[in-house]
Amino acid sequence: MLSLVLGAYWLVSGLLVGFIAIAGRDMPHRGMAFAVAALGVVAGIVVLAFPVQSAVALARLVGLWLVLLGLAEAAAALALRSLAKRPAPAGPPR
């Protein structure tokens, strides 16, 4: 169900961004808006066409993201621990 909702969201948002890019003739970076719209529409169609495979791929991507986030937080915790063990810097010289 999540794949279908995500696919529909990407498809509709891609169509809306494309409409905004067409309607806003004086819009800056209009080509970028068209590219984002095309990417959203294609991603929405692919996810809606293959919902099971998309759910597996999304689960793997989220799992990889969470592992990398955990590693980054562990590195930050170790850095903070080593920072806390340092002696306090001396005041300015008199």
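Residues numbered from 1 in each chain as written. Predicted model: local features only at pLDDT ≥ 70, side-chain atom pairs only at ≥ 80, totals over all residues. Heavy atoms only, no water.

1. What about the overall build of the chain?
Argument step 1. Within the chain, the secondary structure is distributed over three helices and zero strands.
Argument step 2. In the chain, the succession of helices and strands from N to C terminus is α-α-α.
Argument step 3. Taking 94 residues into account, the globule formula puts the C-alpha radius of gyration at 12 Å, and the chain, at 23 Å, lies well above it.
Argument step 4. Viewed in the frame of its principal axes, the chain has a C-alpha envelope of about 65 × 40 × 15 Å.
Argument step 5. Per-residue burial for the chain yields a buried fraction of 13% across its 94 residues.
Argument step 6. A sequence separation of at least 24 residues applies to 60% of the contacts in the chain between residues at least 6 apart.
Argument step 7. Accessible surface, the chain as shown: approximately 7,600 Å² in total, 77% of it carbon and sulfur. (Helix = DSSP H or I, 4+ residues; strand = E, 2+ residues; numbered from the N terminus. Rg over C-alpha atoms; globule rule 2.2 N^0.38 Å. Buried < 20%, exposed > 50% of the residue type's maximum accessible area, 1.4 Å probe, protein only. Contact = heavy atoms within 4.5 Å. Areas by Shrake-Rupley, 256 points an atom, 1.4 Å probe, with all protein chains shown as cover.)

2. Points about unusual backbone geometry
Argument step 1. The residue His29 is not glycine, and still its phi comes out positive at about 60°.
Argument step 2. If you trace the backbone, His29 turns up in the loop between α1 (2–23) and α2 (30–49).

3. Remarks on a nonpolar patch on the surface
Argument step 1. On the surface, Met1, Leu4, Val5 and Leu48 cluster together to form a nonpolar patch covering roughly 400 Å² of accessible area.
Argument step 2. Tracing the chain through its elements places Leu4 in helix α1. (Patch = residues over 30% accessible without salt bridge, like charges linked within 9 Å, V, L, I, M, F, W, Y side chains within 5 Å. Salt bridge = Lys/Arg side-chain N within 4 Å of Asp/Glu carboxyl O.)

4. Focus: the side chain of Ser54
Argument step 1. Mapped onto the elements, Ser54 comes out in helix α3 (residues 51–85).
Argument step 2. Given the relative accessible area of 9%, Ser54 is considered buried.
Argument step 3. Residues in contact with Ser54, not counting those within four places in the same chain, are Ser3, Val46 and Val47.

5. Digging into α1
Argument step 1. Between the first and last C-alpha of α1 there are 31 Å, a value that for 22 residues agrees with the 32 Å anticipated at 1.5 Å per step.
Argument step 2. Listing the buried residues of α1 in full gives Ser3, Gly7, Gly14, Gly18 and Ala21. Considered in projection along α1, the buried side chains sweep an arc of 65° and stay on one side of the axis. In α1, the exposed positions that point more than 90 degrees away from the buried face belong to Leu2, Val5, Tyr9, Phe19 and Ala23.
Argument step 3. Residues of α1 that are buried make contact with α2 and α3. (Expected span 1.5 Å × (residues − 1). Arc of directions from axis to C-beta.)

6. Points about the side chain of Ser3
Argument step 1. Along the chain, Ser3 falls in helix α1.
Argument step 2. A polar atom in the side chain of Ser3 sits 3.1 Å from the backbone oxygen of Pro51.
Argument step 3. Setting aside anything within four residues of it in sequence, one finds Ser3 in contact with Val47, Pro51, Ser54 and Ala55. (Polar contact = N/O pair within 3.5 Å; in protein donor to acceptor, adjacent residues only side chain to side chain.)

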